[in-house]
Amino acid sequence: DANKCFNLSGIPFLGASLKVSRPSKYSGPFVQSKTWQQLTSQSLPAGIVDPNEDKLNRELFIGNTTPEMTGDMLTDFLGKA
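Just so you know, these numbers come straight off a predicted model, no measurement behind them.

Participant: How should the overall build of the protein be read in this particular structure?
Facilitator: Helix and strand counts for the protein come out as 2 helices and 2 strands. Taken from N to C terminus, the helices and strands of the protein fall in the order β-β-α-α. Residues classed as buried in the protein amount to 10% of the 81 residues present. Taking contacts inside the protein between residues at least 6 apart in sequence as the whole, the part at least 24 apart equals 53%. Looking at the protein as shown, the accessible area adds up to about 6,900 Å², and 56% of this sits on carbon and sulfur atoms.

Participant: What is the right way to look at the confidence of the model for the protein in this model?
Facilitator: Any region with low pLDDT has predicted coordinates that should not be read closely. Mean pLDDT over the protein: 76, with 81% of residues reaching 70 or higher. When mean pLDDT is taken per element in the protein, helix α2 (residues 71–79) scores highest with 83 and strand β2 (residues 16–17) scores lowest with 77.

Participant: Explanation requested: a nonpolar patch on the surface in the structure shown.
Facilitator: Together, Phe 13, Leu 14 and Leu 18 give the surface a local cluster of nonpolar side chains, amounting to about 340 Å² of exposed area. The residue Phe 13 is located in strand β1 (residues 12–13) in this model. Its relative accessible area of 46% is what places Phe 13 among the partly exposed residues.

Participant: How do you make sense of the environment of Ala 46 when you look at a structure like this?
Facilitator: Among the secondary structure elements, Ala 46 is positioned in the loop between α1 (36–40) and α2. Along the chain, Ala 46 and Gly 15 lie 31 residues apart, while their C-alpha atoms are 9.6 Å from each other.

The rules behind each value
Just so you know, the residues in each chain are numbered from 1, in the order the chain's sequence is written. Only residues with pLDDT of 70 or above have their local features reported here, since the model is predicted, and side-chain atom pairs are shown and tallied only from 80 upward, although totals for entire chains, interfaces and linings are computed over all residues. Hydrogens and water molecules were not included; the side-chain quantities draw on all heavy atoms of the structure. For helices the rule is a DSSP run of H or I covering at least 4 residues; for strands it is a run of E covering at least 2, with both sets numbered from the N terminus onward. Throughout, exposure labels follow a simple rule: accessible area from a 1.4 Å probe, protein chains only, divided by the maximum for the residue type, with under 20% read as buried, over 50% as exposed, and the rest as partly exposed. Throughout, a residue-residue contact means that at least one pair of heavy atoms, one from each residue, lies within 4.5 Å. Per-residue and other accessible areas were derived by the Shrake-Rupley procedure at a 1.4 Å probe size, with only the shown protein chains allowed to occlude residues. Within a predicted model, pLDDT stands for the predictor's per-residue confidence, ranging from 0 to 100. Each patch is assembled from residues with relative accessible area greater than 30% and no salt bridge, linking like charges that lie within 9 Å and nonpolar side chains (Val, Leu, Ile, Met, Phe, Trp, Tyr) that lie within 5 Å. Basic side-chain nitrogens of Lys or Arg form a salt bridge, by our definition, when they fall within 4 Å of a carboxyl oxygen of Asp or Glu.

Right, here's the structure in full:
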């Protein structure tokens, strides 16, 4: 069941804490899940930032694009900025 993957949210990976979630505009049924720390009763290792606290440092919004835009088109678009 793919919904069980949400329980991996918070798992340490390569010096970061992964966030596993649905897209913000998801409109399907809500599925209850726990974080990795809740399942294992462990806290985040020292030096790893909680992804919810570091949101501004890991997300980038790019506007004025179309759904048909390819990776090459996006690279070209950003190169002109």
